[in-house]
Amino acid sequence: MDYQTAYTRTQNIKKFYRSIFIFAVVAVLIAPDDIFDEKIIRIQLFDRYAILGIWGLILLVKAIKLFLFDSEWERDMIEKEMRKEKKPIDY
């Protein structure tokens, strides 16, 4: 892995962890709303938990892309495709 790829990957991981932290803070602010029946946050368009669910799904997709399908996986797939032998067609 060259320096530029490592730097980009480090920046992406940093952004991902920042997103997880913000998600956790928002979830902590929204969850006690139902537990204590305070109704501090009122969202009319969507249910609060639907928003958290969609946001969590987006974070899950980012995590899969970041940790499973990283540059090493991409390099391995390229090498695998290059190793495939193309057989000539005999007429």
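Before reading on, note that the structure itself is shown above.
Keep in mind that this is a model prediction, so the values were computed, not measured.

Peer 1: Describe the overall build of the chain, listing the residues and the values that go with them.
Peer 2: Counting secondary structure elements, the chain contains 3 helices and 0 strands. The order of α-helices and β-strands along the chain, N terminus first, is α-α-α. Within the span of the chain, comprising 91 residues, buried residues form 12% of the whole. Sequence separation of at least 24 residues holds for 60% of the intrachain contacts in the chain that already meet a minimum separation of 6.

Peer 1: How would you explain the packing of aromatic side chains if you had to name every residue and give the values?
Peer 2: With the rule as written, the count across this model stands at 4 aromatic pairs. Residues F16 and F67 carry aromatic rings whose centres are separated by 5.7 Å and whose planes lie at 80° to one another, so their mutual orientation is edge-to-face. Of the two residues, F16 sits in helix α1 (residues 3-35) while F67 sits in helix α2 (residues 48-68), which places them 51 residues apart along the sequence. The class of F16 is buried, set by a relative accessible area of 10%. Here the aromatic rings of F23 and W55 are separated by 5.3 Å at their centres, their planes lie at 85°, and the arrangement is edge-to-face. Here F23, found in helix α1, pairs with W55, found in helix α2; they are 32 residues apart in sequence, far enough to count as distant. Feature note: the residues F16, Y17 and F67 constitute an aromatic cluster, connected by ring pairs.

Criteria and cut-off values
Residues numbered from 1 in each chain as written. Predicted model: local features only at pLDDT ≥ 70, side-chain atom pairs only at ≥ 80, totals over all residues. Heavy atoms only, no water. Helix = DSSP H or I, 4+ residues; strand = E, 2+ residues; numbered from the N terminus. Buried < 20%, exposed > 50% of the residue type's maximum accessible area, 1.4 Å probe, protein only. Contact = heavy atoms within 4.5 Å. Phe/Tyr/Trp six-rings, centres within 6.5 Å; stacked < 30°, edge-to-face > 60°.

Fair warning: the whole summary comes from geometry, so function is off the table for now.
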